[in-house]
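An overview of the molecular structure
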Amino acid sequence: MDALVNKRIAKVMKGDQNAFAEIVELYQHQLYQICYRMLGNKHEAEDIAQEAFMRAYVNIHTFDQKRKFSTWLYRIATNLCIDRIRKKKPDYHLDAEVRGAEGLDMYSKIANDDQLPEEELMRMEVQERVQYEISRLPDKYRAAIVLKYIEELPLAEISEILDLPLGTVKTRIHRGREALRKQLSNL
């Protein structure tokens, strides 16, 4: 896949916009998921994912093709998410999603014949609570937890995305887990 992406990047650098559209198609779902998990808001996640693609397009000439494009792109998005979180005021704006509605839309599409509706509701409530508690983590822990456990990226790639030493990433994941454990202790 990296070879395919590098070919597309070469075309983009020559001015082929359609090649970048193909790159967007390859990564749009994963990038949106990272943004959504970090921000917890559908509209903000869409905005940040779009901004990340725009910045990647504008700065494609700075991309080192010896590295993975996905790592570079995820780093752009993660930095934009952290910037958005820092700029956010404690008050939520009027278009913020109502808790429960977002989870219901997302999880209702998962086919599961084994669970009773009550069990499904309980599972959704737990997932919603875990997502809420992740959103309450400090930025530095939230980014590491989302990339490790939600996106299931390897530690080395997380280290590159966050531009941190591997040991620091491990520490942040550990401390983030401990903080989540404390927050969820009454669950």
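Quick caveat: nothing in here was measured; it's all calculated off a predicted structure.

**Digging into the state of the cysteines**
The full count for this structure, using the stated rule, is zero disulfides. Note on Cys81: no disulfide assigned, nearest cysteine sulfur contributed by Cys35 at a separation of 3.8 Å. Residue classification places Cys81 among the buried positions, given a relative accessible area of 0%.

**Some words on the packing of helix H7 (residues 139–150) against helix H9 (residues 166–183)**
The geometry of H7 relative to H9 is characterised by a closest axis approach of 8 Å and an angle of 95° between their N-to-C directions. If you check the angle between H7 and H9, you find them roughly perpendicular. From H7, Lys140, Tyr141, Ala144, Ile145, Lys148 and Tyr149 reach across to H9, where they touch Arg172, Ile173, Arg175, Gly176, Arg177 and Leu180. Split by residue class, the contact of H7 with H9 holds six nonpolar, one polar and five charged.

**What about unusual backbone geometry?**
A positive phi is found at Glu152, a non-glycine position, where the angle reads about 55°. Here the phi dihedral of Asp163 falls at roughly 55°; this positive angle occurs in a residue that is not glycine. Examined against the element boundaries, Asp163 turns out to sit in the loop between helix H8 (155–162) and H9.

**What about the pattern of salt bridges?**
Side-chain pairs of opposite charge can arise where the charged atoms are in close proximity. Enumeration over the complete set of coordinates arrives at ten salt bridges. A salt bridge links Glu133 to Arg136; its shortest N-O distance comes to 2.7 Å. Of this pair, Glu133 and Arg136 are both found in helix H6 (residues 117–136), three residues apart, which corresponds to roughly one turn of the helix. By relative accessible area, which is 47% here, Arg136 ends up partly exposed.

**Some remarks on the nonpolar core**
Counting residues in hydrophobic clusters, the biggest one holds 49 residues, and the most contacted among them are Tyr27, Leu31, Phe69 and Leu162. Secondary structure elements with two or more residues in this core: helix H1 (2–13), helix H2 (17–39), helix H3 (42–58), helix H4 (69–87), H7, H8 and H9. With eleven residues, the top contributor of residues to this core is H2. Setting aside residues no more than four positions away along its own chain, Leu162 makes contact with Thr78, Ala143, Ala144 and Leu147.

**Looking at H7**
In this model H7 runs 15 Å from its N-terminal to its C-terminal C-alpha over twelve residues, within 8% of the 16 Å that 1.5 Å per residue would give. Those residues of H7 that sit buried are Asp139, Tyr141, Arg142, Ala143, Ala144, Ile145, Val146 and Leu147. Packing partners of the buried residues in H7 comprise H2, H4, H6, H8 and H9. Phi for Glu152, located one or two positions after H7, is positive at around 55°.

Cut-offs applied
- Residues numbered from 1 in each chain as written.
- Predicted model: local features only at pLDDT ≥ 70, side-chain atom pairs only at ≥ 80, totals over all residues.
- Heavy atoms only, no water.
- Disulfide = S-S within 2.5 Å.
- Buried < 20%, exposed > 50% of the residue type's maximum accessible area, 1.4 Å probe, protein only.
- Axes fitted to C-alpha atoms, helices over the stretch in contact; angles between N-to-C directions.
- Helix = DSSP H or I, 4+ residues; strand = E, 2+ residues; numbered from the N terminus.
- Parallel < 35°, antiparallel > 145°, perpendicular 65-115°, else oblique.
- Contact = heavy atoms within 4.5 Å.
- Nonpolar A, V, L, I, M, F, W, Y, C, P; charged D, E, K, R; others polar.
- Salt bridge = Lys/Arg side-chain N within 4 Å of Asp/Glu carboxyl O.
- Core = buried A, V, L, I, M, F, W, Y, C linked by side-chain atoms within 4.5 Å.
- Expected span 1.5 Å × (residues − 1).

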